[in-house]
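Fold and geometry: a report
What follows is each chain in one-letter form.
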Amino acid sequence: MQILTGDEMRRAVPRLAMQAVESCKGTDFVLIGIRTRGVILARRMQREIARLEGVEVPLGILDISLYRDGLLDGCDAVFKGSEIDFDLDGRTVVLCDDVLHTGRSAVAGIETLFRLGRPAKIELLVLVDRGGRELPVRADFVGKNVPTAREEYINVRLKELGHGEDSLTITRRDNAAS
């Protein structure tokens, strides 16, 4: 079942960008995208803020694979490394990811950020919040809230990853235990 078309996703980015600018009282913040889809969202946000505000907000890439609990269970994550070429100390960080579900990726992102510096503030921006939290985490900026059942999965398809058009769909998993 499709929950967002490419057009709806394109409309969500400017709205999220303006919410971040307003919350951070201007463009004095940095965008950090969680690999892989969070980076694409952060880049889109950066372009939109540049278009709307005429300022290029610094952008970094965060690899959380070393801080995921799945790594302890033999997860097949490949560490590609973080790419942040600016100081995080005292800065407001807008951490970007595609889907917020259990909260584990967000917590891993925050833990990783604190190993790289001491941001003054971290705000979480997600394209979709699907509910189902296992940890006390909430997003500050949400493109769309889509409550889902545990056995459902949100598929995020982005042009940058070789898909013809952006889309978000919900599918049922055969194995609901994961």
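Below, the structure is looked at part by part. (Residues numbered from 1 in each chain as written. Predicted model: local features only at pLDDT ≥ 70, side-chain atom pairs only at ≥ 80, totals over all residues. Heavy atoms only, no water.)

Regarding the side chain of R130
Here is the rule we go by: By the criteria applied, helices consist of DSSP H or I runs no shorter than four residues and strands consist of E runs no shorter than two, each listed in order from the N terminus. Note on exposure labels: buried denotes an accessible area under 20% of the residue type's maximum, exposed denotes more than 50%, and partly exposed covers the range between, all computed with a 1.4 Å probe on protein chains only. In this charge count, Lys and Arg are treated as positive and Asp and Glu as negative; neither His nor the chain ends contribute. In the sections that follow, a salt bridge refers to a side-chain nitrogen of Lys or Arg positioned within 4 Å of a carboxyl oxygen of Asp or Glu. Pairs of N or O atoms are called polar contacts if they sit within 3.5 Å, as long as, within protein, a hydrogen donor faces a hydrogen acceptor (for residues adjacent in sequence, only side-chain-to-side-chain pairs). Any pair of residues with heavy atoms lying within 4.5 Å of one another is described as a contacting pair.
Looking at where R130 falls in the secondary structure, it is placed in the loop between β5 (121-129) and β6 (141-145). One buried charged residue, R130, forms no salt bridge at all, with the nearest opposite charge on E152 at 5.9 Å. Here T148 takes part through its side chain, which lies 2.7 Å from a polar atom of the side chain of R130. The contact partners of R130, leaving out residues within four places of it in the chain, are V99, L100, H101, V146, P147, T148, A149, R150, E152, Y153, I154 and R173.

As for the environment of V93
Secondary-structure assignment places V93 in strand β4 (residues 92-100). You can call V93 buried: its relative accessible area is 0%. Taking C-alpha positions, V93 is 9.4 Å from C24, a pair spaced 69 residues apart along the chain.

A word on unusual backbone geometry
Among all residues except glycine, the phi angle is most often negative; among peptide bonds, the trans geometry is most common. Residues R35 and T36 are joined by a peptide bond in cis, for which omega reads 0°. By secondary structure assignment, the location of T36 is in the loop between β2 (30-34) and α2 (37-53). A positive phi angle, near 55°, is found at K25, a position not held by glycine.

A few points about the pattern of salt bridges
For the structure shown, the criterion picks out 13 salt bridges. R51 is the salt-bridge partner of E48, the closest N and O atoms lying 2.5 Å from each other. Of this pair, E48 and R51 both sit in helix α2, separated by 3 residues, roughly a single helical turn. Given the relative accessible area of 11%, E48 is considered buried. The class for R51 is exposed, based on a relative accessible area of 58%. For K121, the salt bridge goes to E123, with nearest N and O atoms at 3.3 Å. When its relative accessible area of 39% is taken as the criterion, K121 is described as partly exposed. Overlapping salt bridges bring together R44, R47, E160 and D166 as one network.

On their own, these measurements won't tell you what the molecule is for.
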